[in-house]
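Close look at the chain arrangement
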Amino acid sequence: MSQIGQRASAFAPASSGNVSVGFDLLGAALLRIDGGELGDRVNVEFAEQDELTNSGEYAHVCPDDAEQNLAWQAYRLFRSKLANDSFPKVKMELVKSLPVGSGLGSSACSVVASLTALNRLFGHYFSDNDMLLMMGEIEAAASGDLHYDNVAPSYFGGLQLMSPSTDEPVLDLPIPDQWYVVVAFPGFAFPTKQAREVLPKQYDKHDVIANAQNLSVFITQLFKGQQVKAAQAIKDVVAEPFRGELIKGFVSARNALVEQGALAVGISGAGPTLFAVTTELAEAKNYEQYLNEHYLQSENGFAHICRIAPQGAKHLD
């Protein structure tokens, strides 16, 4: 067939789910300021037979069984949604560059990069909304809950707020372009399932009200262009009180960064990655150095200064 050998590639950026103030409701795409990639790539090609290979720094964490690989699950779902499937088989390569269980949306990156590359290969068959729904479906199967706080920012970029509307499941928030977001992965995994199990079944009414107030202030200040005040509203009364003590070194690092003047410090996603927000590059560099020296606990750990990425998943030539 003439389509055999036709290729497409995509990159999906890492993301920080929750952003502390919006548990399961808020997510931010991340872009390293030094130009390095923080995310996953997927290469796809029409071929005679279906095939999946894994490469990249974290290829070893990918399951040996392709059917357990989220990239392959994305392909299977994509294929099943085609109304008229006359296309050739597909050879896929997942270039895994994010650690699993890091709190940086690693699984979302695999899914988003896969579907973005596939959609380009198949002539942009599906709309953005179709794509987002598929991404959510795969994430829900993997985590047990339907939430878009990682896949939405990884796909669309920016800062995304989840909506209960099925017609418009995510909403763009103003991008705080003055922020520097320092992220530090200590070098060990903290599985999302384990992180969710430590949360209470019910919350005190006072905490629910406080969480709603913080999120409301955060969004209002963003729309008013008050980026410092928006960052200062980033407080987590839902997950961090229960998860923080379980993440080795988090509490002491958080307290130290707050003392150094950080506008906000929190757990990225389910953890164990920590994030700190400032509007000053010199301060961001100080936080990065502190975290490298005091939060990283293995050679697998890293700390990077990031911005909120204005662009999400992108096609690669």
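We now turn to the structure provided with this report. These numbers come from a predicted model, not from an experiment. (Residues numbered from 1 in each chain as written. Predicted model: local features only at pLDDT ≥ 70, side-chain atom pairs only at ≥ 80, totals over all residues. Heavy atoms only, no water.)

Quick look at the pairing of strand β10 (residues 264-267) now. Burial of the side chains of β10 extends over both faces: A264 and G266 are buried on one face and V265 and I267 on the other. Pairing geometry for β10 and strand β11 (residues 274-278), over four bridges, is antiparallel. In the sheet register, V265 faces β11, and the bridge partner there is A276. Following β10, the chain reverses through six residues before pairing antiparallel with β11; G269 in that reversal takes a positive phi of roughly 60°. (Buried < 20%, exposed > 50% of the residue type's maximum accessible area, 1.4 Å probe, protein only. Helix = DSSP H or I, 4+ residues; strand = E, 2+ residues; numbered from the N terminus. Pairing = 2+ DSSP bridges.)

This part covers the layout of surface pockets. Its volume calculated, the largest pocket comes out at about 860 Å³. Considering the residues around the largest pocket, the lining is formed by 40 residues, among which L70, V100, S107, E139 and T192 are closest to the centre. Elements with a minimum of two residues in the lining of the largest pocket: α1 (70-81), α2 (106-121), α3 (128-143) and α5 (192-197). Looking at which element gives the most residues to the lining of the largest pocket, the answer is α3, with four residues. (1 Å grid on protein atoms, 1.4 Å probe; cavity = no way out; pocket = protein on both sides within 12 Å on 5 of 7 lines; lining within 4 Å. Points joined across faces, edges and corners; volume = space filled by probe spheres on them.)

One can describe the packing of α1 onto α2 by two numbers: an axis separation of 8 Å at closest approach and a directional angle of 40°. Viewed along their axes, α1 and α2 adopt a mutual orientation that is oblique. Taken as a pair, α1 and α2 cross one another with a handedness that is right-handed. Listed contacts from α2 to L70, A71, A74, Y75 and F78 of α1 are S107, S110, V111, S114, L115, L118 and N119. (Axes fitted to C-alpha atoms, helices over the stretch in contact; angles between N-to-C directions. Parallel < 35°, antiparallel > 145°, perpendicular 65-115°, else oblique. Left-handed = near helix turned anticlockwise from the far one by under 90°. Contact = heavy atoms within 4.5 Å.)

Here the focus is the pattern of salt bridges. Under the counting rule described, the total for this entry stands at 10 salt bridges. Put simply, R32 and D34 hold a salt bridge, and the shortest N to O gap is 2.8 Å. Among the residues examined, R32 registers a relative accessible area of 18% and is labelled buried. Judged by its relative accessible area of 54%, D34 falls in the exposed class. E137 is the salt-bridge partner of K81, the closest N and O atoms lying 3.7 Å from each other. You can see K81 sitting in helix α1 and its partner E137 sitting in helix α3, a full 56 residues away along the chain. Connected through salt bridges with shared partners, the residues D50, E67 and R76 form a single ionic network. (Salt bridge = Lys/Arg side-chain N within 4 Å of Asp/Glu carboxyl O.)

Moving on, we come to the nonpolar core. One finds V44, V90, M92 and L115 to be the most contacted residues of the largest nonpolar core, which totals 41 residues. Elements supplying a minimum of two residues to this core: β1 (7-13), β4 (39-47), α1, β6 (89-95), α2, α3 and α4 (151-156). L159, V183, I219 and I308 belong to the second-largest nonpolar core, a separate cluster that totals 32 residues. (Core = buried A, V, L, I, M, F, W, Y, C linked by side-chain atoms within 4.5 Å.)

Right, let's get into empty space enclosed by the protein. Counting across every chain of the model gives two cavities of 30 Å³ or more. As a volume, the largest cavity reaches approximately 60 Å³. Counted as a void, the second largest cavity has a volume near 30 Å³. Together, N18, D236, A239, E240, R243, I267 and G269 line the second largest cavity. Taken together, the residues of the lining of the second largest cavity sort by class into two nonpolar, two polar and three charged. (Nonpolar A, V, L, I, M, F, W, Y, C, P; charged D, E, K, R; others polar.)

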